[in-house]
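Structural characterization, general
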Amino acid sequence: MKKIILAAVAALALGGSAMAQESIRIATEGAYAPWNFLDDSGKPAGFEIDLGNAICEKAGLTCEWLINDWDSIIPNLLAGNYDLIMAGMSITDERLETIDFTQNYFPPDPSKFVAMAGTEIDFAALSGKRVGVQGGTIQAAYAEENFASGNTIVTFTTADQAMADLAAGNLDTILADGAYLEPVVTASGGAIAFVGEDVLIGNGVGGGLRKDDADLKAKLDETLTALKADGTVDELIAKWFEGRGPYFAE
């Protein structure tokens, strides 16, 4: 009888583990269009939401999307509050000290500077300028390393807040992902323009995971490889980033 009970407990444990692997909690910022944002009904939308749903469908997983502020998105992953980050997060050596990443699902993308149209900025001798960045990003780290001396680096919780301060005249320039800035510049009707030269930072954008989730990483990487090969990733990039790609299809 004791063996039967132990066997039943073991079966339940295995069943519970299998059930846990059938669903995945994905955190996104919900404030970084077109990567991720909240639609008119308040639901997550954007490139990464479409891609995450495609990954889950291909891998036989159930996606649960959670919204988390950017500045605490890695700590809450490490705390176990979700299983994966898909939030326009670039793969960097610094982040790899703390978390792991899937293979990239968007290639290394130039970061760009923007300013109000007509603004002339000499980045080779930048002095006395207010440079806006989103806190905790690769652009924030780059700005601190290259422009902090003689300038003021202003960090914001979201990229949209930085854009609002630029429009209000409180910043001289903003450094951010080119893929984020391009639709902003287009939608501004000429009010905002690119300035200076592009900067290549990071190793592309991927999904962030805990370092001990090797099985999940392997499953996601296998699925991403398949979605790249069949053209799904390129199709979604073309949908959300006009004029981009193809990058991955064989």
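Keep in mind it's a predicted model, so treat the numbers as computed, not measured. (Residues numbered from 1 in each chain as written. Predicted model: local features only at pLDDT ≥ 70, side-chain atom pairs only at ≥ 80, totals over all residues. Heavy atoms only, no water.)

What follows is about the state of the cysteines. By definition, a disulfide links two cysteine residues through a covalent bond between their sulfur atoms. Scanning all chains against the criterion turns up one disulfide. Cys56 shares a disulfide with Cys63; S-S distance 1.9 Å. Torsion about the S-S bond of the Cys56 and Cys63 cystine: about 95°, corresponding to right-handed handedness. (Disulfide = S-S within 2.5 Å.)

Scanning the model with the defined rule gives 15 aromatic pairs in all. With 4.2 Å between their ring centres and 35° between their planes, Phe113 and Phe123 make a pair best called tilted. On the criterion of sequence distance, the pair formed by Phe113 in strand β8 (residues 110-116) and Phe123 in the loop between β8 and β9 (130-134) is long-range, its members being 10 residues apart. Accessibility classification places Phe113 together with Phe123 in one group, the buried group. Ring geometry for Tyr247 against Phe248: centres 6.2 Å apart, planes inclined by 55°, an arrangement best described as tilted. According to the relative accessible area criterion, Tyr247 is partly exposed, its value standing at 35%. Among the aromatic residues, ring-to-ring pairing joins Trp35, Phe47, Tyr105, Phe106, Phe241, Tyr247 and Phe248 into one connected group. If you follow Lys112 out to its NZ or CZ, it ends over the ring of Phe194, 5.2 Å from the centre. Above the face of the Phe248 ring, Lys228 is positioned so that its terminal group lies 4.3 Å from the ring centre. (Phe/Tyr/Trp six-rings, centres within 6.5 Å; stacked < 30°, edge-to-face > 60°. Helix = DSSP H or I, 4+ residues; strand = E, 2+ residues; numbered from the N terminus. Buried < 20%, exposed > 50% of the residue type's maximum accessible area, 1.4 Å probe, protein only. Lys NZ or Arg CZ within 6 Å of the ring centre and 35° of its normal.)

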